[in-house]
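Observations on the model geometry
Read off the chains here:
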Amino acid sequence: MKSVNQTSPVSLLIAVFALLTLLMLATRTHHFASLNHLPSASIAIFFLAGMYLRNIKAFWFFYTLSITIDLASSYSRGQFGDCITSSYPMLVLSYGAMFTVGYYSKPNWQKNSWQINIIKVALALFIASSIAFFISNGSYYTLSGKFPELSWAEYGTRVDKYYFKSISNPVFYVISAVVIDYTVSHFFTDKAINTSTAASESANNSGKL
């Protein structure tokens with residue numbers, strides 16, 4: 001997981017990196033008080049970083065950026081609130097799950113049909129989001145110290161309240177990215193094929209002369 005995907009142009013990787021960074025900066029503070037610790041954009045960012053940037057350094061960059069934003073938000077408000085508790089370090093596992101599953105879920109439009117790619121990404125996103133939710137949510141209720149008397153029945157009620165909202169949060173971002181990926185992939189593929197075909201025909205015509 002340490003090497004960058006060599007099939008993607010460097011300019012495209014830089015563009016993806018910049019867009020994900022801007023998305024983190026623009027949306028992270030809006031969800032700072034989220035009870036399950038996983039802001040909607042952040043889940044998608046780690047998943048997409050694993051899928052397209054495919055470099056462990058990108059993971060640590062976005063993780064560090066998320067911590068910096070949280071601490072800056074806490075400082076500006078003068079309090080930590082419900083977000084930063086003793087369970088906060090467990091977020092590295094939640095985000096790590098998103099990044100890892102995303103890494104192994106990159107669509108291959110040339111090898112597989114678009115239906116297979118969509119199903120693969122959707123299933124991967126569901127699994128990753130579920131794992132991330134239970135790590136984050138479970139650690140919050142068990143390690144934060146805010147729910148010492150919480151029973152399993154009460155926890156089940158809270159899971160029912162937040163689970164589907166949490167796993168649906170990143171869907172819009174991931175679907176948008178996959179649609180753009182499909183469009184760009186086919187545009188450049190068709191362009192390359194047309195260029196290659198034109199060059200071949202030109203060479204053949206020159207040979208005939």
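Here the structure is a predicted model, which is why all the values come from computation and not from measurement.

The rules behind the values
Residues numbered from 1 in each chain as written. Predicted model: local features only at pLDDT ≥ 70, side-chain atom pairs only at ≥ 80, totals over all residues. Heavy atoms only, no water. Helix = DSSP H or I, 4+ residues; strand = E, 2+ residues; numbered from the N terminus. Polar contact = N/O pair within 3.5 Å; in protein donor to acceptor, adjacent residues only side chain to side chain. Contact = heavy atoms within 4.5 Å. Buried < 20%, exposed > 50% of the residue type's maximum accessible area, 1.4 Å probe, protein only. Salt bridge = Lys/Arg side-chain N within 4 Å of Asp/Glu carboxyl O. Phe/Tyr/Trp six-rings, centres within 6.5 Å; stacked < 30°, edge-to-face > 60°. Lys NZ or Arg CZ within 6 Å of the ring centre and 35° of its normal. pLDDT = per-residue confidence, 0-100. Axes fitted to C-alpha atoms, helices over the stretch in contact; angles between N-to-C directions. Parallel < 35°, antiparallel > 145°, perpendicular 65-115°, else oblique. Left-handed = near helix turned anticlockwise from the far one by under 90°. Nonpolar A, V, L, I, M, F, W, Y, C, P; charged D, E, K, R; others polar. Core = buried A, V, L, I, M, F, W, Y, C linked by side-chain atoms within 4.5 Å.

Regarding the side chain of Ser130
Summarising the element assignment, Ser130 is placed in helix α5 (residues 114-143). Within the structure, the side chain of Ser130 is placed 2.8 Å from the backbone oxygen of Phe126, a separation counted as a polar contact. The residues contacting Ser130, other than those within four sequence positions of it, are Tyr163 and Ile167.

Observations concerning the environment of Val171
Tracing the sequence through the fold places Val171 in helix α7 (residues 171-208). Here Val171 falls in the partly exposed class, since its relative accessible area comes to 30%. As for Val171 and Ala44, which are separated by 127 residues in sequence, their C-alpha atoms are 7.6 Å apart.

Some points on the pattern of salt bridges
Tallying each qualifying case throughout the model produces one salt bridge. Between Arg28 and Asp70 there is a salt bridge, with the nearest N and O atoms lying 2.6 Å from each other. Remark: Asp70 occurs in helix α3 (residues 56-77) and Arg28 occurs in the loop between α1 (10-27) and α2 (40-53); sequence separation between them is 42 residues. Here the two residues Arg28 and Asp70 agree in accessibility, since each one is buried.

As for the packing of aromatic side chains
Per the stated rule, a full pass over the model turns up 16 aromatic pairs. Geometrically, the ring pair formed by Phe172 and Tyr173 is edge-to-face, given 5.6 Å between the ring centres and 70 degrees between the ring planes. Judged by its relative accessible area of 59%, Phe172 is exposed. Here a set of aromatic residues connected by ring pairs shows up, and it is made of Phe46, Phe59, Trp60, Tyr63, Tyr95 and Phe99. In this arrangement the basic side chain of Arg54 is found over the ring face of Tyr103, its NZ or CZ atom lying 4.2 Å from the centre.

Quick look at the confidence of the model for the protein
Of all residues in the protein, 76% attain a pLDDT of 70 or more, and the chain-wide mean is 80. Of all helices and strands in the protein, the one with the weakest mean pLDDT is α7 (68), whereas helix α4 (residues 91-103) scores best (96). Note on residues 2-6: pLDDT is under 50 here. Beyond four places in sequence and across chains, it has 12 contacts. Confidence over residues 31-38 falls short of pLDDT 50; this stretch has 32 contacts with residues more than four positions distant or in other chains.

Focus: the packing of α5 against helix α6 (residues 152-168)
Working note: a packed helix pair is described by the angle between its axes plus the distance between those axes. Interaxial distance between α5 and α6 falls to 10 Å at its minimum, and their mutual angle equals 140 degrees. If you check the angle between α5 and α6, you find them oblique. In this structure, α5 meets α6 at a crossing whose hand is right-handed. Of the residues in α6, those touching α5 at Phe126, Ser129, Ser130, Phe133, Phe134, Asn137, Gly138 and Tyr141 are Tyr155, Arg158, Val159, Tyr162, Tyr163, Ser166 and Ile167. Considered class by class, the residues forming the contact of α5 with α6 number nine nonpolar, five polar and one charged.

Re the nonpolar core
Generally speaking, nonpolar side chains in soluble globular proteins are found buried as a group. Counting residues in hydrophobic clusters, the biggest one holds 35 residues, and the most contacted among them are Phe46, Phe47, Phe62, Met98 and Val174. Going through the elements one at a time, α1, α2, α3, α4, α5 and α7 are the ones with two or more residues in this core. Not counting residues up to four positions away in its chain, the partners in contact with Phe62 are Phe17, Leu20, Thr21, Met24, Ile45, Phe46, Ala49 and Leu53. In terms of nonpolar packing, the next biggest core, distinct from the first, is built from eight residues, Phe133, Tyr141, Val159 and Ile167 among them.

A word on the packing of α4 against α5
Put simply, α4 and α5 touch, their axes get as near as 8 Å, and they point 175 degrees apart. In terms of their interaxial angle, α4 and α5 are classed as roughly antiparallel. Along its contact with α4, which presents Leu91, Leu93, Ser94, Ala97, Met98 and Val101, the element α5 presents Ala124, Leu125, Ala128, Ser129, Ile131, Ala132, Ile135 and Ser136. Among the residues forming the contact of α4 with α5, the class breakdown is 11 nonpolar, three polar and no charged.

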